[in-house]
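# Commentary on secondary and tertiary structure
Residue strings, one per chain:
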Amino acid sequence: MAVTVAGRTVTADPRLAWRAVRIEVASQPRALKAWFAFLTLLLAIGAVGALLSLPPGDEVFGTKPSFEWGLLISAYVFFAITTSGLCLASSLGTVFGIDRFRPLEKRHALLALFSLVTAFGVIALDLHYPVRLAFGAVLSPSPMSPMWWMGVLYFGYLALLVVEVTSMFTRRERIHNVSCLLASFMAILAPSTLGAVFGVLASRPYWHGSFTPPSLLMAALLAGISLLGIVFCVVVRFRLAGWERSQSLAVPGLRVLLTIALFTAFLVTGWQVLTTLYGGVPGLSDSMDAVLVGPLAPTFWIGKVLIGLAIPLVLVALPRFYSVGPLFVASVLTFVGVFFDRTIFVNAGQVVSSTAASGVVSMPFNTYTPSLVEIAIVIGAFGFFAMAYTLAERFLDMSEHTGDHLPILSRWGRHDPHGHAAAGPYAHGTAATEH
Amino acid sequence: MTISRRRFIESGLAVCAGLVGSQAVAALLPSGGVGTAVAGDATPSPASTDATGGTSAPYDPNAHSWAFLVDTTRCIGCGNCVKACKRENHVPEKPPYNRTWVELHVVEDDGSLVITSPDGGIEGFPPVPVGVEPQDVSLAYFVPRLCMQCQNAPCTSVCPVSATYTTPDGVILVDQDRCIGCGYCVVACPYGARYIVPSGESSPMGIPGVVDKCTFCYHRVTRGMRPACVEVCPVQARQIGDLDDPADPVTVAIKEKRTVVLKPELGTKPRVHYVGLESEVG
């Protein structure tokens, strides 16, 4: 018995399958074997953490009544916004006529799908009764709750991504075009609703306000661009499918986008700090104290500002670093920085006590230390994400997607299948870059 | 795989019909849900007994509007209320988990406020809090805390599955059979009045991983009894009353005394009123 997946015939016989796996492993270069072994280790760590977290209750997590949302929520937010960011990054290119990523969109569509699946996996392990959520959200919906809307939108987004990816690999252009367009809208709606989950909470001044949803969009964009930077640098380095286009079009385009996004994020962070310090709003300024000089300061100054913003900005902005290597390093650092940024965001909202019930003496700040189980789950999540993408890169046809798009998407800068820029106001410039 | 337009439309209609049908079923079921056995302390008894063990008339939630009065000038910080609450409601013994707790507020000469609550105040308080010099104390008083049963409650509006809701008589309850344990209401509560039941611990329904909170001892109130904490308070610092009864002492006190609510700026409209607060309580 055999099934055909993406044009490849895969046996369902266990013995034959095992033999095929052994042949595949034997045929892999040593570096790839080492990479797979590393990812398997991450997955194993994550699996142990996931199993330990299955019984409902809080003991295996470091969370407590005064600090109910911990590392897993940060990780969920990170993966969820990364999904949107991937779509936003590619859409931004289209909107501004820099349609450089579209022929390579198989990669960012797959990355977005895997990232969202990872996010759902992490949140399912954090929820004590995830199955109840699936039924409860339908049988007793709560349209007043931003979390309900977030669930609906991200679930819809997941469905659209599945359709988009499937239609892309099966070459169903019409379905692909429509799902692509709808997914682009959802990529903006979903993370801003995720921002609203935090933004509506008047009891948490650090989160509360209309600024929170757009700030999540900003973080999403940064995460998406940096992840595309990582992937396309790897594609160029290992000369994977479509590497010529990646080198000539995607990588330069990503450098520009990353520079703009990093600079904007720097400004947004600076103004956020300054306005909070000037205002002196109770609770809000206390949270910012925790971020600037309190328990969250090392993560903020080293993790976010230095690793996540300053060093990457230098690497992408200075002409002497114009090559794939520095862009790769900058992208990795930015991606890590966004993760730190999300942990700061989630923690800063809870760092100010609303009660002394759980404390002995009224501490200046609530404290939270993630447990080993939480850390293991997050390690496993990254392992799953990387493993899924590596397998896709290895076994799926990642050659350029050549289909035309809906008129609204291809108004500017459509490309032909061979990577030459075609019609559009930027066509001339793009072609010049390419050659 | 190919799918015809007709087949696609048929499938879509079937899914829509299923969703609408499930909604209708949910609306027909009591307490607004499928598989909902309302939390043990949330079920009013049609033939209940009062505090003396005698029978009383069936409880009508529409005929009451509960409120709570805390007199901080009377509270002595003995911790009896915390103990009684834990026993009555199967609240976990561990210190961070409380339906009610007592804080000691100490105002120092320089105006700084030190708040302590060792183990929720269950075993009382030391004469002087750790880190405070006796000669620096200008004012000290106890503040009993509990769920504020807000009339404009953030916890009910944020719940994604409508597991937390307000009864007609103004008490906020949690349907622990429906709660998913996401903790959104815990972080949304400005008063820190909620917690997620840890595993291996008891809870009213014996379910770990769901949210628990003070219910004004709804199972007692609806049977004509007073909440456990009110019952055991030796100095009557805690009182429950019915705002629908103009002659109720609590109703009179809320109208005539200068009572305050916590964090009024948030617009949550708490049903718990305080007498004698000397400083802003977070």
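In short, a report on the structure. (Residues numbered from 1 in each chain as written. Chains lettered and ligands numbered in written order. Predicted model: local features only at pLDDT ≥ 70, side-chain atom pairs only at ≥ 80, totals over all residues. Heavy atoms only, no water.)

Attention shifts here to the sheet that holds strand 4 (residues 137-145) of chain B. Residues and elements named next belong to chain B. Across the sheet, three strands lie side by side as 3-2-4; this open sheet has antiparallel pairing. Looking at the sheet topology across the chains shown, the edges are occupied by strand 3 (113-116) and strand 4. Going across the sheet, the axis of each strand differs from the next one's by a mean of 20 degrees, ignoring polarity. Pairing analysis gives four bridges linking strand 2 (residues 101-108) to strand 3, with the strands arranged antiparallel. Bridge assignment links leucine 104 to a residue of strand 3, and that residue is threonine 116. (Pairing = 2+ DSSP bridges. Helix = DSSP H or I, 4+ residues; strand = E, 2+ residues; numbered from the N terminus. Axes fitted to C-alpha atoms, helices over the stretch in contact; angles between N-to-C directions.)

Facing 44 residues of chain A, the contacting portion of chain B comprises 57 residues. Between chain A and chain B lies a buried interface of about 3700 Å² when both sides are counted; carbon and sulfur atoms form 57% of it. Summed over the shared surface of chain A and chain B, the result is zero salt bridges. At the boundary of chain A with chain B, the tally comes to 19 residue pairs in polar contact (both at pLDDT 80 or more). (Contact = heavy atoms within 4.5 Å. Buried area = accessible area lost by both parts, 1.4 Å probe. Salt bridge = Lys/Arg side-chain N within 4 Å of Asp/Glu carboxyl O. Polar contact = N/O pair within 3.5 Å; in protein donor to acceptor, adjacent residues only side chain to side chain.)

So, about the side chain of threonine 259 of chain B. All names here are of chain B. Turning to its location among the elements, threonine 259 is positioned in the loop between helix 7 (249-256) and strand 10 (272-275). Threonine 259 gets classed as buried once you look at its relative accessible area, which sits at 19%. Within the structure, the side chain of threonine 259 is placed 3.5 Å from the side chain of histidine 273, a separation counted as a polar contact. When residues no more than four places from it in sequence are discounted, the contact partners of threonine 259 are Leu69, Ala253, Ile254, His273, Tyr274 and Val275. (Buried < 20%, exposed > 50% of the residue type's maximum accessible area, 1.4 Å probe, protein only.)

Moving on: the packing of helix 9 (residues 243-279) of chain A against helix 11 (residues 297-317) of chain A. Residue and element names in this part refer to chain A. At a minimum axis distance of 9 Å, the contact between helix 9 and helix 11 shows a crossing angle of 145 degrees. You can see that helix 9 and helix 11 cross each other, and the crossing is left-handed. Across from Arg255, Leu258, Thr259, Leu262, Phe263, Ala265, Phe266, Thr269 and Val273 in helix 9, the residues of helix 11 making contact are Phe300, Lys304, Val305, Gly308, Leu309, Ala310, Pro312, Leu313, Val316 and Ala317. Its residues assigned to classes, the contact of helix 9 with helix 11 shows 14 nonpolar, three polar and two charged. (Left-handed = near helix turned anticlockwise from the far one by under 90°. Nonpolar A, V, L, I, M, F, W, Y, C, P; charged D, E, K, R; others polar.)

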